[in-house]
Amino acid sequence: MSRILVVFGTRPEAIKLCPVVSELRKSVGVDVRVCVTGQHRELLDQVLRISGITPDIDLDLMRHDQSLDRLTAAVLEELGPVLERECPDCVVVQGDTASAMAASLAAYYHKIPVAHVEAGLRSGDIHEPWPEEVARRVISAIASYHFAPTRRAAAALLREGVSENTIFVTGNTVVDALLAARATLARDPGLVASLAPLVDKFADKRILLVTCHRRQTFGIGVEKIAHALLELASRGDIGIVFPVHPNPNIRDGMDRKLSGHSSIALIEPQDYLHFVRLLELAYLILTDSGGVQEEAPVFGKPVLVMRDATERMESIDAGSARLVGTSTDAIVSTASLLLDDADAYSAMANTYSPFGDGLAAQRIAAVLS
Ligand code: UDP
């Protein structure tokens, strides 16, 4: 029996690794164990509840507004003894969080091979996104198996000297998760019945779905995005639905600027099924999220990326996403163009989905097993 330890700590990692855990559990001769760091406690637990996956080990490291230094040190310190006890043959990490980087480093210190899901994303700027760009480069330096979601990501790894026979182009597992959620909702729409009041409230309006959580947006970025949303809301023909990230650096500013506006619904972070339903309902999406940039084209929804650079150029090249940064003017003018010009909107809505076909987790499990 070979033993695989899957380590994650945040909502996007959980969404993207649950399909891999499920596929590995179907593999013969593989013992899969799940360790969560708890980097995002509530958001992580939301995903675990609907995935039916119960962690074997929970490091429970989340502290209120904790620094990256402390979090990184805590993962290293707490995961080391777990690795000694569990003796996995391979540690699987995903993406570019502090949890993933520290877990890969801990595995390296214990001479355990690392498999990296969603490898090879690069913006080319170590400050954008900060600190994720460095986290993923560190993981690439350590990993023995690189699961690149796209050919572009594989090419970036090759350029950095990663050996070709350790790179596997698999698609992004978020598409697997999204298609599974969509199928669940089609079978049982009642699972998201609690969205009904929101849907009724904006029944005669087009919905703008907004998410925002990146560290480099904290402070002035939050202010500028909030001003843009207020200006867009004053049009009167749209309803803004904004599940607000619990990080106080986002939540406090958004609450202060936006709460009480009749065309803006500030809501709690949604569990994955509810969020997928909101993606389906949205006319246009404004986000700084990586995962949402990957999901939106699956549903043919145009995305305005509120960042100065993105490592997910595939959807920019496909024409389904545009970079608008956090400038109030750029957000308002680009969103207004798409709301007012049907041709501009359909040019973005009718492209293709470049991030996967829903079978990524199967490919990854096949390689690992
Ligand atoms: N998401 C969710 N509920 C929400 C907002 C987002 O389930 O209220 C999902 C979304 O569908 C995507 C993931 O969370 O799969 C993105 O997470 P986040 O934006 O926090 O991180 P990133 O993808 O930028 O690393």
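Just so we're clear, the structure is a prediction, and the values are computed from it rather than from any experiment. (Residues numbered from 1 in each chain as written. Predicted model: local features only at pLDDT ≥ 70, side-chain atom pairs only at ≥ 80, totals over all residues. Heavy atoms only, no water.)

1. Section: the overall build of the protein chain
Tallying secondary structure elements over the protein chain gives 16 helices and 13 strands in all. Expected size for 369 residues packed as a compact globule is a radius of gyration near 21 Å; at 20 Å, the protein chain falls within 12% of this value. In terms of overall dimensions, the protein chain has a C-alpha envelope of 60 × 45 × 40 Å along the principal axes. Expressed as a percentage of its 369 residues, the buried residues of the protein chain come to 58%. Carbon together with sulfur atoms contributes 51% to the accessible area of the protein chain, which is approximately 14,600 Å² in total. (Helix = DSSP H or I, 4+ residues; strand = E, 2+ residues; numbered from the N terminus. Rg over C-alpha atoms; globule rule 2.2 N^0.38 Å. Buried < 20%, exposed > 50% of the residue type's maximum accessible area, 1.4 Å probe, protein only. Areas by Shrake-Rupley, 256 points an atom, 1.4 Å probe, with all protein chains shown as cover.)

2. Details of the site of the ligand
For the ligand, the set of nearby residues contains 15 residues, the closest of which are Q270, S289, G290, G291 and E295. In the environment of the ligand, an oxygen atom lies 2.8 Å from a nitrogen or oxygen atom belonging to the backbone of G290. Between G291 and the ligand, the recorded distance is 2.7 Å, taken from a backbone N or O atom to an oxygen atom. Expressed as a share of its isolated accessible area of 540 Å², the protein-covered part of the ligand is 95%. Counting only elements with at least two residues in the shell around the ligand, the list comes to helix 1 (11–26), helix 11 (272–281) and helix 12 (290–295). The leading source of residues in the shell around the ligand is helix 12, at 4 residues. Within the shell around the ligand, the residues separate by chemical class into 7 nonpolar, 5 polar and 3 charged. (Near = heavy atom within 4 Å. Polar contact = N/O pair within 3.5 Å; in protein donor to acceptor, adjacent residues only side chain to side chain. Nonpolar A, V, L, I, M, F, W, Y, C, P; charged D, E, K, R; others polar.)

3. What about the packing of helix 1 against helix 7 (residues 173–187)?
If you want to describe how two helices pack, look at the angle between their axes and the distance between the axes. Following both chains from N to C, one finds helix 1 and helix 7 inclined at 85 degrees, their axes separated by 8 Å at the closest point. Judged on the interaxial angle alone, helix 7 and helix 1 are roughly perpendicular. Packed against helix 1, whose contacting residues are I15, K16, P19 and V20, the element helix 7 presents T173, V174, D176 and A177 at the interface. Here the contact of helix 1 with helix 7 is composed, by residue class, of 5 nonpolar, 1 polar and 2 charged. (Axes fitted to C-alpha atoms, helices over the stretch in contact; angles between N-to-C directions. Parallel < 35°, antiparallel > 145°, perpendicular 65-115°, else oblique. Contact = heavy atoms within 4.5 Å.)

4. Here's the deal with the UniProt feature "domain: UDP-N-acetylglucosamine 2-epimerase" (unreviewed entry) in the protein chain
Under the UniProt annotation, "domain: UDP-N-acetylglucosamine 2-epimerase" (unreviewed entry) lies at residues 23–368. Split by type, residues 23–368 is 47% helix and 15% strand. Its first and last C-alpha atoms lie 11 Å apart. (UniProt positions renumbered as here; feature names shortened; annotations may be inferred.)

5. Focus: the pairing of strand 5 (residues 114–117)
Burial along strand 5 is two-sided: the face carrying V114 and H116 and the face carrying A115 and V117 are both buried. Pairing analysis gives 4 bridges linking strand 4 (residues 90–94) to strand 5, with the strands arranged parallel. Across the sheet, the residue bridging to V93 is H116, located in strand 5. You can see the chain leave strand 4, run along helix 4 (residues 98–109) and come back into strand 5, and the turn it takes is right-handed. (Pairing = 2+ DSSP bridges. Right-handed = clockwise from strand over helix to strand, strands pointing away.)

6. What to know about the side chain of T326
Its location among the elements puts T326 in the loop between strand 13 (321–323) and helix 14 (328–340). What T326 contacts, discounting residues up to four positions off in sequence, is T217, G221, K224, I225, M306, D308 and I331.

7. Considering the packing of aromatic side chains
Enumeration over the complete set of coordinates arrives at 3 aromatic pairs. Ring centres of Y108 and Y109 lie 6.2 Å apart, and the angle between their planes is 45 degrees; on these two criteria the pair is classed as tilted. Residue classification places Y109 among the exposed residues on the basis of a relative accessible area of 54%. For the ring pair Y283 and Y345, a centre distance of 4.0 Å and an interplane angle of 10 degrees mean the geometry is stacked. In this pair, Y283 is assigned in the loop between helix 11 and strand 11 (284–287) and Y345 in helix 15 (residues 342–349), connecting sequence segments 62 residues apart. Of note, R206 hangs over the ring of Y283, and the distance from its end group to the ring centre comes to 4.9 Å. (Phe/Tyr/Trp six-rings, centres within 6.5 Å; stacked < 30°, edge-to-face > 60°. Lys NZ or Arg CZ within 6 Å of the ring centre and 35° of its normal.)

8. A word on unusual backbone geometry
Note the cis peptide between E128 and P129, where omega equals 5 degrees. With a phi angle near 45 degrees, C87 is a residue other than glycine that sits in the positive phi range. By the secondary structure assignment, C87 is in the loop between helix 3 (68–86) and strand 4. A residue is classified by how much of its surface remains accessible, and C87, at 51% relative accessible area, is exposed. The phi dihedral of K111 falls on the positive side, at around 60 degrees, and the residue is not glycine.

9. Some points on the packing of helix 4 against helix 5 (residues 132–142)
Two elements in contact, helix 4 and helix 5, have axes whose closest approach is 9 Å; the angle formed by their N-to-C orientations is 25 degrees. What the angle tells us is that helix 4 and helix 5 run roughly parallel. Seen from above, helix 4 lies across helix 5 with left-handed handedness. Residue-level inspection shows A100, M101, S104, L105 and Y108 of helix 4 in contact with helix 5, the latter providing A135, V138, I139 and I142. Classifying every residue of the contact of helix 4 with helix 5 gives 8 nonpolar, 1 polar and no charged. (Left-handed = near helix turned anticlockwise from the far one by under 90°.)

10. Comments concerning the layout of surface pockets
Over the atoms rolls a probe the size of a water molecule, and in doing so it shows where empty space is left. Computed from the structure, the second largest pocket encloses a volume of approximately 490 Å³. As for the second largest pocket, its lining consists of 22 residues, of which C18, P19, D176, A177 and A180 are closest to the centre. Breaking the lining of the second largest pocket down by element, the ones donating at least two residues are helix 1, helix 2 (41–51), helix 7, helix 11 and helix 16 (360–368). (1 Å grid on protein atoms, 1.4 Å probe; cavity = no way out; pocket = protein on both sides within 12 Å on 5 of 7 lines; lining within 4 Å. Points joined across faces, edges and corners; volume = space filled by probe spheres on them.)

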